[in-house]
Amino acid sequence: MVTRCLQRAPDCPNSRGRTPEEKRTDTALAVDSGPARMPPTQAESVIRSIIREVGQECAVHGEIVSETLIAFMVKAVVLDPSNGFNMDRTLMKSDVQNLVKLCMARLLDTKNPSLDTIKMQVYFDMNYTNRVEFLEEHHRVLDLRLGSVTREITDNRACTKEELESLYRKIISYMLLRSGLGSPTDIKTVREVTAALQSVFPQAELGTFLTLCKKDKERQLKELTMIVTGIRLFNRDCGKGGEGIDDLPGVLHEAIPATLQHIDDQLEKTQHQAYCYTAVLEKAADNPLMKAELQPYMLKEALYNIRQCEVFLQIILSDIITGAQEVEMMTKQLGAHLEQLKMTVKSKTAVPTSQVFPIFIALSTLWTSLQDETVAVGVLSNLFTHLQPFLDAHELFFPERVMQQHLNGVTVKTDMDRMKEHMEDRVNVADFRKLEWLFPETTANFDKLLIQYRGFCAYTFAAADGFLLAGNPAIGILKYKEKYYTFSSKDAAYSFAENPEHYIDIVREKAKKHIELIQLLELHQQFETVIPYSQIREADKHYIKPITKSESSTQTDTHILPPTIVRTYEWNEWELRRKAIKLANLRQKVTHSVQTNLTHWRRENCSQVYPPKNTSTQSMKEDSTGVPRPQIYLAGLRGGKSKIADEVKHINLLGKGRVNLSLDDFGEQLKLEISLGM
């Protein structure tokens, strides 16, 4: 039967005890026997026999091919409908022979760009790992290599003086191997590490170390390694040590820009090559004679190849740029920690360990990260170097003289030029009531959406027999069945939206004939049996959905500019006078507080009083008065005008005169007589 291969099978029953090449093949080979079919182990055995036979035949013809590449090619032959293989029936002997023959023909056709593309995809898939996983794997390998040294230390039961000294030397060797700062055979480096270790972990403390459990010993070894590494880095910065320590920041600052420039230049050449292929194919689309002339060159397959190169170069370039940013940040942090350590230590002979040990550990962590970046840059640079032969092969596929001959009178447009041509042509949402269109101004995470076919126009690829043309997201992104599609023009978007399933099926059938399109256009969901290892590792990542709606609120500021109102301003001059008098009076006042026994628990009270003062006044002149002495007697006793004696009240005014008061006959009228004496 024709089994479904090219899918990772980590739990395969025969996956143990195989060669590394066979294990890598497992990432691309899996068996799905299905109901009423041969058991998985038997089906896998058939496939492996086919792969082995194909490999032997290729070797006979002088071509050494890996098992992984053969597995991909077997899948390519089986998927191609023109080969007539039925995936629901058991393979006969003639079918196996035909399969081997077809695989041989494709693997030996070295001038075919499709084979070159598949080789490139297999190589990149088996050698590239994203930064996080690469660093995790790097640390895991380092721990694995140090496993034997670690066990010699943790399982040691030293008792005698010689055994303790030997254990101490093993700890020093462990620190050098883990830190990567010098060789254990370099005497100067060993002396420097020994001096640093004795300052924080004297040999006398080995007894306490031996009493710890294994996990605590491993933890203390790592911590001591970081502290000693931090001490050595500080001594190196002060010019008092650092034997065997390279200037990693300086090396990275020179290597990363040079690598970036080299890859960027190659990426520009690759993109220019792709633009030239696109221009020639566009010209040939309207010229049947030219199309027949270009048929032997397989220009579309060459376009697939150069576009795949471009994708891989962009991935490598992106990782190196990320590494450059990390290095820049870590270099600044390293300088800040060293400066902080200098300020802490200065000229002191003894410093508390609680102050310096955390800084030493931080220095060691930063230096380890710089070492990781050095390894990562080296791996990415090596990966780019191995991609170079695939880029140079285009001179064989489509010579420069032939290309220039067909480019006469043709304007080579970049992807950005094509986007600018249709920047103003946008889809009218009102024309499609049942379809959802996304635009930059209505979608928050517009740039992070996972576009189908790696951003190429879906309609152009289906309608133009597999022609790759970059899509323009500004026209509008079509959301169809939770997937997103871009188009090169408004007309292409309208045509695709009328019958999306039709064009999606055309793309799927085209990918069956050209298996390299499955990875180039990221069609792994449609071909679940063809999943590269890198895609399997990222299968658990969250699917990014467009954010077209969100809760938000706005508030208009009362005063956008800072307020300039003077709260103490008074327009009334009498109020200003009152405040001035109040302030003048307070200058000579004293504040007192009074608290009663009954209200002390309620609140604090205070009062202000005016203290009493002594005052006096001065009049204009001095004067005095005399108190009158009234005398009462009877007048008229000696005769006179009145016949009746009247009662007279006499008031003597201190000899100055007298006043006579008398009542008339009726006692109603008062008579006043004043006589002034001399």
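Before reading further, recall that the structure is shown in the block above.
Computed from a prediction, not measured in an experiment: that's the story for all the values here.

How would you summarise the overall build of the chain if you had to cite specific residues and measurements?
Within the chain, the regular secondary structure consists of 24 helices and seven strands. Of all 678 residues assigned to the chain, the portion counted as buried reaches 39%. Across the chain, contacts joining residues at least 24 apart in sequence account for 67% of those joining residues at least 6 apart. Of the roughly 41400 Å² of accessible surface on the chain, 53% is carried by carbon and sulfur atoms.

Account for the packing of helix α12 (residues 248-285) against helix α15 (residues 353-392), with residues named and values stated.
α15 packs onto α12 with a crossing angle of 25° between their chain directions and a minimal axis gap of 11 Å. The angle between α12 and α15 places the two elements in the roughly parallel class. Judged by the twist between their axes, the crossing of α12 over α15 is left-handed. For the pair α12 and α15, contact is made by Leu-248, Pro-249, Leu-252, Ile-256, Thr-259, His-262, Ile-263, Gln-266 and Thr-270 and by Trp-367, Leu-370, Gln-371, Glu-373, Thr-374, Val-377, Ser-381, Phe-384, Gln-388 and Leu-391, respectively. Along the lines of polarity and charge, the residues of the contact of α12 with α15 split into 10 nonpolar, eight polar and one charged.

Hey, could you go over the nonpolar core for me, with residue numbers and the actual values?
Residues Leu-107, Trp-437, Phe-487 and Leu-521 are the most contacted members of the largest nonpolar core, which totals 77 residues. Per element, the largest residue contribution to this core is 10 residues, and it comes from helix α3 (residues 67-79). If near-sequence neighbours (up to four positions away) are discounted, Trp-437 is found in contact with Val-427, Val-429, Phe-432, Gly-476, Ile-477, Leu-478, Phe-487, Ala-493 and Ala-497. Membership of the second largest hydrophobic core comes to 63 residues, among which are Leu-197, Phe-201, Leu-313 and Leu-363.

Tell me about unusual backbone geometry, and please be specific about residues and values.
Its identity is not glycine, yet Arg-454 carries a phi of approximately 55°, on the positive side. Mapped onto the fold, Arg-454 is located in the loop between β1 (436-438) and α19 (458-463). The class of Arg-454 is partly exposed, set by a relative accessible area of 29%. At Glu-522, a position not held by glycine, the phi torsion is positive, near 55°. Along the chain, the position of Glu-522 falls in the loop between α22 (516-520) and α23 (533-537). When its relative accessible area of 28% is taken as the criterion, Glu-522 is described as partly exposed.

Give a description of α3 that names residues and reports values.
With 13 residues, α3 extends 18 Å from end C-alpha to end C-alpha; this agrees with the ideal 18 Å at 1.5 Å per step. Across the 13 residues that make up α3, a large majority, 12, are buried.

Outline helix α11 (residues 214-238), listing residues and values.
Here α11 spans 36 Å end to end across 25 residues, near enough to the 36 Å set by a 1.5 Å rise per residue. Taken residue by residue, α11 has Lys-217, Leu-221, Leu-224, Thr-225, Ile-227, Val-228, Thr-229, Gly-230, Ile-231, Arg-232, Leu-233 and Phe-234 as its buried positions. At its buried positions, α11 is contacted by α7 (147-154), α8 (161-179), α9 (187-200), α10 (206-210), α14 (299-345) and α15. Taken from the residues just after α11, Gly-239 is the one with a positive phi, measuring 80°.

Explain the pattern of salt bridges to me, using residue names and the numbers behind them.
Going through the model one piece at a time under the given rule, you end up with 23 salt bridges. Across the salt bridge formed by Arg-140 and Glu-137, the nearest N and O atoms sit 2.5 Å from each other. Here the residue Arg-140 and the residue Glu-137 both occupy positions in helix α6 (residues 131-145), the gap between them amounting to three residues, near one helical turn. What makes Arg-140 partly exposed here is its relative accessible area of 45%. We note a salt bridge from Glu-441 to Arg-426, for which the minimum N-O separation is 2.8 Å. Here Glu-441 is found in the loop between β1 and α19, whereas its partner Arg-426 is found in the loop between α18 (415-421) and β1, with 15 residues between them in sequence. You can call Glu-441 exposed: its relative accessible area is 55%. Classification of Arg-426 as partly exposed rests on a relative accessible area of 30%.

Let's hear about a nonpolar patch on the surface: which residues, and what values?
The grouping of Val-566, Tyr-569 and Trp-571 at the surface amounts to a nonpolar patch, some 450 Å² of accessible area in total. Along the chain, Tyr-569 turns up in the loop between α23 and α24 (573-586).

Kindly report on the packing of α6 against α15, identifying the contributing residues and their values.
Here α6 crosses α15 at 115°, and the two axes come no closer than 11 Å. With respect to α15, the element α6 is oriented roughly perpendicular. In the crossing of α6 with α15, the sense of the turn from one axis to the other is right-handed. Residues Arg-131, Phe-134, Leu-135, His-138 and His-139 of α6 touch α15, and the partners they reach there are Asp-372, Glu-373, Val-375, Ala-376 and Val-379. Classifying every residue of the contact of α6 with α15 by side-chain character gives five nonpolar, two polar and three charged.

Which residues make up the sheet that holds β1, and what values go with them?
With antiparallel pairing, three strands are arranged side by side in an open sheet as β1-β2-β3. Every interior strand has two partners, whereas the edge strands, β1 and β3 (483-485), have only one. The average undirected angle you get between the axes of adjacent strands in this sheet is 35°.

Rules used throughout
Residues numbered from 1 in each chain as written. Predicted model: local features only at pLDDT ≥ 70, side-chain atom pairs only at ≥ 80, totals over all residues. Heavy atoms only, no water. Helix = DSSP H or I, 4+ residues; strand = E, 2+ residues; numbered from the N terminus. Buried < 20%, exposed > 50% of the residue type's maximum accessible area, 1.4 Å probe, protein only. Contact = heavy atoms within 4.5 Å. Areas by Shrake-Rupley, 256 points an atom, 1.4 Å probe, with all protein chains shown as cover. Axes fitted to C-alpha atoms, helices over the stretch in contact; angles between N-to-C directions. Parallel < 35°, antiparallel > 145°, perpendicular 65-115°, else oblique. Left-handed = near helix turned anticlockwise from the far one by under 90°. Nonpolar A, V, L, I, M, F, W, Y, C, P; charged D, E, K, R; others polar. Core = buried A, V, L, I, M, F, W, Y, C linked by side-chain atoms within 4.5 Å. Expected span 1.5 Å × (residues − 1). Salt bridge = Lys/Arg side-chain N within 4 Å of Asp/Glu carboxyl O. Patch = residues over 30% accessible without salt bridge, like charges linked within 9 Å, V, L, I, M, F, W, Y side chains within 5 Å. Pairing = 2+ DSSP bridges.

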